[in-house]
Amino acid sequence: MKHELIKLKYAYNALEPFMDAKTLEIHHGKHHQTYVDKLNAALANSPELQDKKLDELLMNLNNIPENIRNAVKNHGGGVFNHNFFWEIMTPNLEEKEFKGNIVKAIEKNFGSFDKFKEEFSNAALNRFGSGWAWLVLNKGKLEIYSTANQDSPISEGKIHLLTIDVWEHSYYLKFMNRRADYIKNFFNLINWKKVNELYEKGIK
Ligand code: MN
(Lines give C-alpha, C1' and ligand atoms only; values in the text may rest on other atoms or scores of the structure.)
Protein backbone atom coordinates (compact mmCIF):
# COMPACT_ATOMS: atom_id res chain seq x y z
CA MET A 1 0.00 0.00 0.00
CA LYS A 2 1.25 3.42 -0.87
CA HIS A 3 1.81 6.09 1.74
CA GLU A 4 -0.49 9.04 1.34
CA LEU A 5 -0.46 12.68 2.31
CA ILE A 6 -2.65 13.10 5.39
CA LYS A 7 -5.42 15.66 5.32
CA LEU A 8 -5.19 18.55 7.75
CA LYS A 9 -7.91 18.79 10.39
CA TYR A 10 -8.08 22.55 9.80
CA ALA A 11 -8.10 24.93 6.85
CA TYR A 12 -4.90 26.46 5.53
CA ASN A 13 -5.93 29.84 6.91
CA ALA A 14 -7.05 28.48 10.31
CA LEU A 15 -3.71 29.14 12.03
CA GLU A 16 -3.57 32.81 11.06
CA PRO A 17 -2.15 35.14 12.17
CA PHE A 18 0.48 32.96 13.85
CA MET A 19 1.13 30.81 10.80
CA ASP A 20 0.08 32.19 7.43
CA ALA A 21 -2.10 30.35 4.95
CA LYS A 22 0.35 30.51 2.05
CA THR A 23 3.19 28.98 4.05
CA LEU A 24 0.95 26.23 5.38
CA GLU A 25 -0.45 25.47 1.92
CA ILE A 26 2.99 25.12 0.35
CA HIS A 27 4.44 23.33 3.37
CA HIS A 28 1.70 20.71 3.40
CA GLY A 29 0.72 20.55 -0.26
CA LYS A 30 4.21 20.70 -1.76
CA HIS A 31 6.96 19.92 0.76
CA HIS A 32 5.10 17.25 2.69
CA GLN A 33 3.71 15.76 -0.54
CA THR A 34 7.24 15.47 -1.91
CA TYR A 35 8.35 13.45 1.13
CA VAL A 36 5.39 11.13 0.59
CA ASP A 37 6.22 10.68 -3.10
CA LYS A 38 9.91 10.08 -2.45
CA LEU A 39 9.18 7.59 0.33
CA ASN A 40 6.94 5.64 -2.05
CA ALA A 41 9.64 5.77 -4.71
CA ALA A 42 12.23 4.48 -2.21
CA LEU A 43 9.98 1.52 -1.33
CA ALA A 44 8.92 0.81 -4.92
CA ASN A 45 11.17 -2.23 -5.29
CA SER A 46 10.68 -3.55 -1.75
CA PRO A 47 7.14 -4.99 -1.61
CA GLU A 48 7.89 -6.60 1.78
CA LEU A 49 8.30 -3.12 3.28
CA GLN A 50 5.32 -1.48 1.62
CA ASP A 51 2.74 -2.81 4.05
CA LYS A 52 4.69 -1.87 7.13
CA LYS A 53 3.58 1.16 9.07
CA LEU A 54 5.81 4.17 8.87
CA ASP A 55 6.63 4.21 12.58
CA GLU A 56 7.63 0.55 12.34
CA LEU A 57 10.04 1.36 9.52
CA LEU A 58 11.57 4.29 11.40
CA MET A 59 11.90 2.37 14.66
CA ASN A 60 13.85 -0.35 12.88
CA LEU A 61 16.03 1.49 10.40
CA ASN A 62 18.76 -1.12 10.77
CA ASN A 63 16.44 -3.71 9.26
CA ILE A 64 16.00 -1.65 6.10
CA PRO A 65 18.26 -2.69 3.21
CA GLU A 66 21.29 -0.46 3.10
CA ASN A 67 20.67 0.82 -0.42
CA ILE A 68 17.39 2.49 0.60
CA ARG A 69 17.98 3.06 4.33
CA ASN A 70 18.94 6.71 4.00
CA ALA A 71 16.03 7.44 1.67
CA VAL A 72 13.59 5.85 4.13
CA LYS A 73 15.17 7.75 7.02
CA ASN A 74 15.01 11.09 5.20
CA HIS A 75 11.71 10.85 3.33
CA GLY A 76 9.96 8.55 5.78
CA GLY A 77 11.11 10.82 8.59
CA GLY A 78 9.85 13.77 6.58
CA VAL A 79 6.41 12.23 6.30
CA PHE A 80 6.28 11.14 9.93
CA ASN A 81 7.56 14.41 11.41
CA HIS A 82 5.16 16.53 9.38
CA ASN A 83 2.21 14.28 10.21
CA PHE A 84 2.98 14.92 13.85
CA PHE A 85 3.65 18.64 13.41
CA TRP A 86 0.18 19.22 11.89
CA GLU A 87 -1.37 17.24 14.70
CA ILE A 88 0.36 19.15 17.47
CA MET A 89 -0.98 22.50 16.27
CA THR A 90 -4.60 23.58 16.52
CA PRO A 91 -6.82 26.60 15.93
CA ASN A 92 -9.13 25.35 18.71
CA LEU A 93 -8.96 27.41 21.91
CA GLU A 94 -10.03 24.56 24.17
CA GLU A 95 -7.30 22.30 22.81
CA LYS A 96 -4.76 25.08 23.39
CA GLU A 97 -5.47 25.18 27.13
CA PHE A 98 -2.37 24.26 29.08
CA LYS A 99 -3.72 21.80 31.62
CA GLY A 100 -3.48 18.21 32.81
CA ASN A 101 -0.55 16.26 34.23
CA ILE A 102 1.82 17.69 31.65
CA VAL A 103 1.67 21.03 33.52
CA LYS A 104 3.14 19.62 36.72
CA ALA A 105 5.62 17.49 34.79
CA ILE A 106 6.94 20.51 32.90
CA GLU A 107 7.17 22.62 36.05
CA LYS A 108 8.95 19.83 37.90
CA ASN A 109 11.42 19.10 35.10
CA PHE A 110 12.23 22.59 33.91
CA GLY A 111 11.47 24.71 36.99
CA SER A 112 8.66 26.72 35.39
CA PHE A 113 6.74 27.04 32.16
CA ASP A 114 8.85 30.06 31.21
CA LYS A 115 12.05 28.07 31.69
CA PHE A 116 10.62 25.29 29.55
CA LYS A 117 9.64 27.79 26.86
CA GLU A 118 13.10 29.29 26.91
CA GLU A 119 14.83 25.93 26.63
CA PHE A 120 12.55 24.67 23.86
CA SER A 121 12.90 27.95 21.96
CA ASN A 122 16.68 27.82 22.27
CA ALA A 123 16.76 24.26 20.95
CA ALA A 124 14.72 25.43 17.96
CA LEU A 125 16.74 28.58 17.46
CA ASN A 126 20.15 26.96 17.79
CA ARG A 127 19.53 23.97 15.54
CA PHE A 128 22.10 24.74 12.86
CA GLY A 129 20.71 24.41 9.36
CA SER A 130 17.56 22.35 8.92
CA GLY A 131 15.87 20.20 11.50
CA TRP A 132 13.39 19.98 14.33
CA ALA A 133 13.20 20.77 18.04
CA TRP A 134 11.42 18.30 20.27
CA LEU A 135 9.96 17.68 23.68
CA VAL A 136 10.18 13.94 24.23
CA LEU A 137 9.98 11.30 26.90
CA ASN A 138 13.35 9.60 27.15
CA LYS A 139 13.11 6.57 29.45
CA GLY A 140 10.18 8.21 31.21
CA LYS A 141 11.85 11.59 31.66
CA LEU A 142 11.00 14.82 29.83
CA GLU A 143 13.78 16.02 27.57
CA ILE A 144 14.22 18.84 25.09
CA TYR A 145 16.56 18.39 22.17
CA SER A 146 16.78 18.87 18.44
CA THR A 147 17.38 16.64 15.44
CA ALA A 148 19.03 17.39 12.11
CA ASN A 149 17.31 17.06 8.74
CA GLN A 150 14.32 14.71 9.05
CA ASP A 151 15.70 12.53 11.84
CA SER A 152 12.96 11.43 14.17
CA PRO A 153 13.04 10.65 17.92
CA ILE A 154 11.22 7.36 17.38
CA SER A 155 14.32 6.06 15.60
CA GLU A 156 16.15 6.55 18.92
CA GLY A 157 13.45 4.97 21.08
CA LYS A 158 12.17 8.31 22.38
CA ILE A 159 8.51 9.24 22.63
CA HIS A 160 7.61 12.48 20.86
CA LEU A 161 5.32 14.90 22.72
CA LEU A 162 5.84 18.20 20.91
CA THR A 163 7.79 19.46 17.94
CA ILE A 164 8.53 22.47 15.81
CA ASP A 165 9.83 22.33 12.26
CA VAL A 166 12.72 24.76 11.85
CA TRP A 167 13.47 24.15 8.19
CA GLU A 168 13.41 27.53 6.46
CA HIS A 169 10.43 26.43 4.35
CA SER A 170 8.33 26.55 7.54
CA TYR A 171 8.75 30.27 8.06
CA TYR A 172 10.63 32.06 5.33
CA LEU A 173 7.64 33.50 3.42
CA LYS A 174 6.26 35.29 6.46
CA PHE A 175 9.18 35.72 8.80
CA MET A 176 12.07 35.75 6.32
CA ASN A 177 15.25 35.10 8.32
CA ARG A 178 13.59 35.75 11.70
CA ARG A 179 13.37 32.21 13.05
CA ALA A 180 12.96 33.56 16.59
CA ASP A 181 9.69 35.34 15.65
CA TYR A 182 8.37 32.18 14.04
CA ILE A 183 9.12 30.22 17.21
CA LYS A 184 7.44 32.86 19.37
CA ASN A 185 4.29 32.65 17.24
CA PHE A 186 4.30 28.86 17.28
CA PHE A 187 3.66 28.92 21.02
CA ASN A 188 0.16 30.29 20.23
CA LEU A 189 -0.67 27.19 18.21
CA ILE A 190 0.27 24.30 20.48
CA ASN A 191 -2.37 21.64 21.01
CA TRP A 192 -1.66 21.05 24.71
CA LYS A 193 -4.57 18.64 24.96
CA LYS A 194 -2.77 16.36 22.52
CA VAL A 195 0.61 16.87 24.22
CA ASN A 196 -0.98 15.90 27.53
CA GLU A 197 -2.60 12.79 26.01
CA LEU A 198 0.72 11.66 24.60
CA TYR A 199 2.44 12.34 27.93
CA GLU A 200 -0.12 10.31 29.88
CA LYS A 201 0.13 7.45 27.43
CA GLY A 202 3.92 7.67 27.38
CA ILE A 203 4.47 7.41 31.14
CA LYS A 204 2.29 4.33 31.55
MN1 MN B 1 8.79 21.06 6.89
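Refer to the structure above for everything that follows.
Residues numbered from 1 in each chain as written. Predicted model: local features only at pLDDT ≥ 70, side-chain atom pairs only at ≥ 80, totals over all residues. Heavy atoms only, no water.

**With respect to the coordination of the manganese ion**
The following threshold applies: Nitrogen, oxygen and sulfur within 2.8 Å of a metal are treated as its donors, or within 3.2 Å for sodium, potassium and calcium (Na, K, Ca); water is not counted, so a site can appear incomplete. Every helix listed is a DSSP run of H or I at least four residues long, and every strand listed is a run of E at least two residues long, numbered separately from the N terminus. Three labels apply to residues, based on accessible area from a 1.4 Å probe with only protein chains included: buried if under 20% of the type maximum, exposed if over 50%, partly exposed otherwise in between.
Around the manganese ion, the protein supplies His27 (NE2), His82 (NE2), Asp165 (OD) and His169 (NE2) as donor atoms, at distances of 2.0 to 2.1 Å. One chain supplies every donor to the manganese ion, and in sequence these donors are spaced H-x54-H-x82-D-x3-H. Of this pair, His27 sits in helix α1 (residues 21-43) while Asp165 sits in strand β3 (residues 159-165); the two residues are 138 residues apart in sequence, bridging distant segments of the chain. By relative accessible area, which is 1% here, His27 ends up buried.

**So, the packing of helix α6 (residues 101-110) against helix α7 (residues 113-126)**
What counts, and what does not: Fitted lines through C-alpha atoms give the axes, limited to the stretch in contact for helices. The angle between two N-to-C directions lies from 0 to 180 degrees. Each angle is binned into one of four classes, with values under 35 degrees roughly parallel, values over 145 roughly antiparallel, values of 65 to 115 roughly perpendicular, and all other values oblique. Only heavy atoms matter for contacts: two residues are in contact if any of them lie within 4.5 Å across the pair.
Running from amino to carboxyl end, α6 crosses α7 at an angle of 75°, the nearest separation of the two axes being 8 Å. It follows that α6 is roughly perpendicular to α7 by the angle criterion. Here α6 contributes Ile106, Glu107 and Phe110 to the contact with α7, which in turn contributes Phe113, Lys115, Phe116 and Glu119.

**Thoughts on the packing of aromatic side chains**
Which entries qualify depends on this criterion: The rule is short: rings of Phe, Tyr and Trp, with Trp giving its six-membered ring, pair when the centres are within 6.5 Å, and they are stacked under 30 degrees, edge-to-face over 60, tilted in between. The rule for a charge over a ring is simple: NZ of Lys or CZ of Arg within 6 Å of the ring centre, and within 35 degrees of the ring normal.
Per the stated rule, a full pass over the model turns up 18 aromatic pairs. Between the aromatic rings of Phe85 and Trp86, the centroid separation amounts to 5.4 Å while the plane-to-plane angle is 40°, which identifies the pairing as tilted. Each member of the pair Phe85 and Trp86 is classed as buried. Judged by centre distance (6.1 Å) and plane angle (70°), the rings of Phe113 and Trp192 are edge-to-face. Residue Phe113 is found in helix α7, and its partner Trp192 is found in helix α10 (residues 192-203); the two are separated by 79 residues along the sequence. Given a relative accessible area of 4%, Trp192 falls into the buried group. Directly above the ring of Tyr145 sits Lys158, whose terminal nitrogen or CZ lies 3.8 Å from the centroid.

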